[in-house]
Amino acid sequence: MGNREAYTFSAWKWLGFVSAVWVQTISGNNYTFSNYSDALKTLMNLTQLQLNNLSVAKDVGKAFGLLAGLASDRLPTPVILLIGAIEGLIGYGAQWLVVSQKIQPLSYWQMCIFMCMGGNSTTWMNTAVLVTCIRNFRRNRGPVSGILKGYVGLSTAIFTDLCSALFSDDPARFLIMLAIIPFAVCLTAIFFLREIPQSASVAAEKEETRYFAIFNIVAVVVAVYLLAYDLIGSTNQVLSLVFAVILIILLASPLAVPVYSFVKNWRLVGFEADMERQEPLLKEEAMAAAAEKKEVVTKEAAATAEEEVALVEKNRPEIGEEHTIIEAMRTWDFWLLFVSFLCGVGTGLAVMNNMAQIGLALGHVDVSIFVSLTSIWGFFGRIISGSVSEYFLKKAGTPRPLWNAASQILMAVGFLLMALAMPGCLYIGSIVVGICYGVRLAVTVPIASELFGLKYYGLLYNILILNLPIGSFLFSGLLAGYLYDAQATPTPGGGNTCVGSHCYRLVFIIMAIASVIGFGLDVLLAIRTKKIYTKIFNSRKSKKPLTLSNGH
């Protein structure tokens, strides 16, 4: 590969990452159900159980993410993005028609279908983004996952605050935003997001570290800005418009990274071209030495290769090597990861899907602040856990599942606080659930790739994401729905309501127990995978001085 091509690839890789960030910024629409659920409940005269099952239908859409996983190895990234964009436009567009009363309310099963389509649309977007970026930045999987999943966490707050600033929390206008904005962003990303050939130099790794630090800083600034708006608020239309303009500028600011990369690398092309003309002999000698070394190693390996073939064929791949989906599912480690993931995301989704009713039960008429708090602190959980887990992996070989274990214990404490209905408990609970849910999503992404490889990662990721609809059904649809309806009072015209701390107390206690179970599974997984993380730590530690000694 020539230097000009290598530099161009580097800059395009960062442009693709910026477009991936934008896609993730609009793909958290699945977590915004509380912003318009009351409108649906009123228009369709639903009980809480029926409303919760609508939210389950939304999450069931993620189960069909298996199609996106299968397609990720067969279809180009732009096609996967286009499918997600069109499906989201149809799914949320139909919901907007109902809530805005442009059409008569659809039947319950029809609404379930459109909710499912809206939920499934994000699986195509997330698969395209995560699979492509994890492969483009293999040496920094933690930061990549943290940043991308962090922006998913901010997505809910971005949509909520923009709607609050521009449309006074109108649920119909909120839904039209969910339909149109993701469609437009995905159409833009189609032109830039693609897999880029890798560079193995230490200089490239250092560049990635510097640029990821910039992305982290920008993301934190966006999160703090959104948090400040939530706390201060604005009743002035001009100030609200200024808020929206500044937010859009902040979201566009990461473009500075690929622009800088283009300019810097273009200047280096001439210098590197001169160096190439001075170094052909050294390069040829190095290549010849490498070829000779490879030949010796090949001859030495040939003596034992035949004896090992039969044994290798019989043995399953070890953890840390490439696994097919069937091979991964035959391991205890996969199921420990799967069930612990269910305990974390299932309970978190139950809170997010029921936030409107939890807020009303605890005496809060407007729950938009809690939706935003969960989103923003979910961002901090994702972005910090991605970078921190990567740091401790590189410095001490700390197994990533330990971070999931820590988040499960903290989440259990948050549920107990909400069960006790202490003053301000919903503020604290929203923050705790947001952080822990964010940690779980961000850390599980690199864990799966490190334990089972990247070859079938798209499908593997979507199998793990099955926990979202399963968890939503178990903890939101069944647990929260049935227990709430058991305490609720019927209302005229259909539906029901419940006010008081007793409405969700038993729900929170059961979810705290589930979190403790998840903690135990994560600790067990960390113990079982300690060797592979020690191996990753040692391999990275040994490669650095070797590469540096070669003058790179």
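In what follows, the structure referred to is the one given above.
None of the values given here were measured: they were computed from a predicted structure.

## Some details on unusual backbone geometry
And then number 1: One non-glycine residue, Asn45, lies in positive phi territory at about 50°.
And then number 2: For Asn45, the position within the fold is in the loop between helix H2 (37-44) and helix H3 (48-60).
And then number 3: Using a relative accessible area of 43% as the deciding quantity, one classes Asn45 as partly exposed.
And then number 4: One non-glycine residue, Ala421, adopts positive backbone phi at about 55°.

## Quick notes on helix H10 (residues 237-252)
And then number 1: Its 16 residues place the ends of H10 23 Å apart at the C-alpha level, agreeing with the 22 Å of an ideal helix rising 1.5 Å per residue.
And then number 2: Every buried residue belonging to H10 is among Ser240, Phe243, Ala244, Leu247, Leu250 and Leu251, and all of these are buried. Down the axis of H10, the buried side of the element spans an arc of 125°, and every buried residue falls inside it. Residues Val238, Ile248 and Ile249 are exposed on H10 and point more than 90 degrees away from its buried face.

## Some remarks on the packing of helix H14 (residues 332-353) against helix H18 (residues 425-452)
And then number 1: Orientation of H14 relative to H18, taken along the N-to-C sense of each, is 155°, at an axis distance of 10 Å. Considered as vectors, H14 and H18 are oriented roughly antiparallel to each other. Judged by the sense of rotation from one axis to the other, the crossing of H14 with H18 is left-handed. Facing H14, whose interface residues are Asp333, Phe334, Leu337, Ser340, Phe341, Gly344, Val345, Gly348, Leu349, Val351 and Met352, H18 presents Val433, Tyr437, Arg440, Leu441, Thr444, Ile447, Ala448 and Phe452.
And then number 2: Taken together, the residues of the contact of H14 with H18 break down into 13 nonpolar, four polar and two charged.

## What about the packing of aromatic side chains?
And then number 1: Under the defined criterion, the tally for this structure stands at 30 aromatic pairs.
And then number 2: Between Trp14 and Phe137, the aromatic rings sit 4.9 Å apart at their centres with planes inclined by 50°, giving tilted as the arrangement. Taken together, the residues span a long stretch of sequence, with Trp14 in helix H1 (residues 3-26) and Phe137 in the loop between helix H6 (108-136) and helix H7 (141-167) at a distance of 123 residues.
And then number 3: Since its relative accessible area comes to 0%, Phe137 is described here as buried.
And then number 4: An angle of 70° between the planes, with centres 5.4 Å apart, marks the rings of Phe17 and Phe137 as edge-to-face. Of this pair, Phe17 sits in helix H1 while Phe137 sits in the loop between H6 and H7, placing them 120 residues apart in sequence.
And then number 5: Under the relative-accessibility criterion, Phe17 is labelled buried at 0%.
And then number 6: Clustering of aromatic rings is evident, with ring pairs tying together Trp14, Phe17, Phe137, Tyr211, Phe212, Phe215 and Tyr260.

Calculation notes
- For every chain, the first residue of the written sequence is number 1, and numbering continues from 1 onward in sequence order.
- Local features are withheld for residues below a pLDDT of 70 in this predicted model, meaning they are given only at 70 or higher, and side-chain atom pairs are given and counted only at 80 or more; totals for whole chains, interfaces and linings count all residues.
- Side-chain metrics rest on all non-hydrogen atoms present in the structure, leaving aside hydrogens and water.
- The way it works is that DSSP assigns letters per residue, a run of H or I at least four long becomes a helix, a run of E at least two long becomes a strand, and they are numbered from the N terminus.
- Under the scheme applied here, a residue whose accessible area is under 20% of the maximum for its type counts as buried, over 50% as exposed, and between as partly exposed, the area being computed with a 1.4 Å probe on protein chains only.
- Helices are assigned an expected span. That span is 1.5 Å times one less than the residue count.
- Here, the arc refers to the directions that run from the helix axis to the C-beta atoms.
- Interaxial angle, 0 to 180 degrees, is taken between N-to-C directions of lines fitted to C-alpha atoms, where a helix line uses only the stretch in contact.
- The cut-offs work like this: below 35 degrees is roughly parallel, past 145 is roughly antiparallel, 65 to 115 is roughly perpendicular, and the gaps in between are oblique.
- Each helix crossing is assigned a hand: it is left-handed if the near helix lies turned anticlockwise from the far helix by less than a right angle, otherwise right-handed if that turn is clockwise.
- Here, residues are in contact when the closest pair of their heavy atoms is within 4.5 Å.
- Each residue is assigned to one of three groups, with Ala, Val, Leu, Ile, Met, Phe, Trp, Tyr, Cys and Pro labelled nonpolar, Asp, Glu, Lys and Arg labelled charged, and all others, Gly among them, labelled polar.
- Working definition: a ring pair exists when centres of Phe, Tyr or Trp rings (six-membered ring for Trp) sit within 6.5 Å. Plane angles under 30 degrees give stacked, over 60 give edge-to-face, the rest tilted.

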